[in-house]
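# Working through the structure, step by step
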Amino acid sequence: MSKEEPLHHSGICPNCPADTDQRFLYKADERSGKYREAGKVLLYGRVEILSLFCCVGCGAILVYKTFLEDIVDVDNPNLHDPKWLFNLASYEFLRDSFLIYSTLKKEHLHPSTPEDVRQ
Ligand SMILES: [Zn+2]
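All of the points below concern the structure found in this document.

Calculation rules
Residues numbered from 1 in each chain as written. Predicted model: local features only at pLDDT ≥ 70, side-chain atom pairs only at ≥ 80, totals over all residues. Helix = DSSP H or I, 4+ residues; strand = E, 2+ residues; numbered from the N terminus. Buried ≥ 20, exposed ≤ 12 C-beta atoms within 10 Å, placed from the backbone. Contact = placed C-beta atoms within 7 Å. Pairing = 2+ DSSP bridges. Axes fitted to C-alpha atoms, helices over the stretch in contact; angles between N-to-C directions. Core = buried A, V, L, I, M, F, W, Y, C linked by C-beta atoms within 7 Å.

## Some points on the overall build of the chain
Along the chain, the regular secondary structure elements total four helices and five strands. Scanning the chain from its N terminus toward the C terminus, one meets helices and strands in the order β-β-β-β-α-α-α-β-α. The buried share of the chain, taken over its 119 residues, is 12%. Residue pairs in contact within the chain that sit at least 24 positions apart in sequence constitute 57% of those at least 6 positions apart.

If you want it as structure tokens, here you go:
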């Protein structure tokens, strides 16, 4: 009896409490280079996985970047399947990842904005 649950983390949204879920939407990866032999790509240099989440609490879209490895075989399953990101506990995911984008941020007002306008 295996029910395939949608991939998600919880507590990784900077706007929401730790028990809020963030639904996984999409992943991409960034590679610093390729190593070829006889015209065939065998290895990628430094790979980072970009993962896109939607926060169930506030609706923010969050993009995290997680380092995979410095040298990655093109057949490395972690390159193609993001499941390993969800085998990490949320605190491990946060420790190993970097939030590079969020659609909802705490407001950044210009320093000259008067105090009564900020509230
Ligand atoms: Zn949120």
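## Description of unusual backbone geometry
The phi torsion of most residues other than glycine is negative, and most of the peptide bonds are trans. In the Ramachandran plot, A38 falls in the positive-phi region, its phi being about 50 degrees despite a non-glycine side chain. Relative to the elements of secondary structure, A38 occurs in the loop between β2 (21-37) and β3 (40-55).

## Regarding the environment of L50
Assignment of secondary structure puts L50 in strand β3. Taking the C-alpha atoms as reference points, L50 and T66, 16 residues apart in sequence, are found 6.4 Å from one another.

## Considerations on the sheet that holds strand β5 (residues 97-102)
The strand order across the open sheet formed by five strands is β1-β2-β3-β4-β5, and the pairing between neighbours is antiparallel. Where the open sheet ends on each side, the last strands, each with one partner, are β1 (8-10) and β5. Between one strand and the next, the sheet's axes are offset by a mean angle of 35 degrees, whatever the strand orientation. Examined bridge by bridge, β2 and β3 share 14 bridges and lie antiparallel to one another. Across the sheet, G33 pairs through a bridge with G45, a residue of β3.

## Here's the deal with the nonpolar core
Counting six residues, the largest nonpolar core is built from I12, C13, F53, C55, L62 and Y64. Within the residue set of this core, elements represented by two or more residues are β3 and β4 (61-73). Dropping the residues within four chain positions of it, F53 is found in contact with H9, I12, Q22, R23, F24, L25 and L62.

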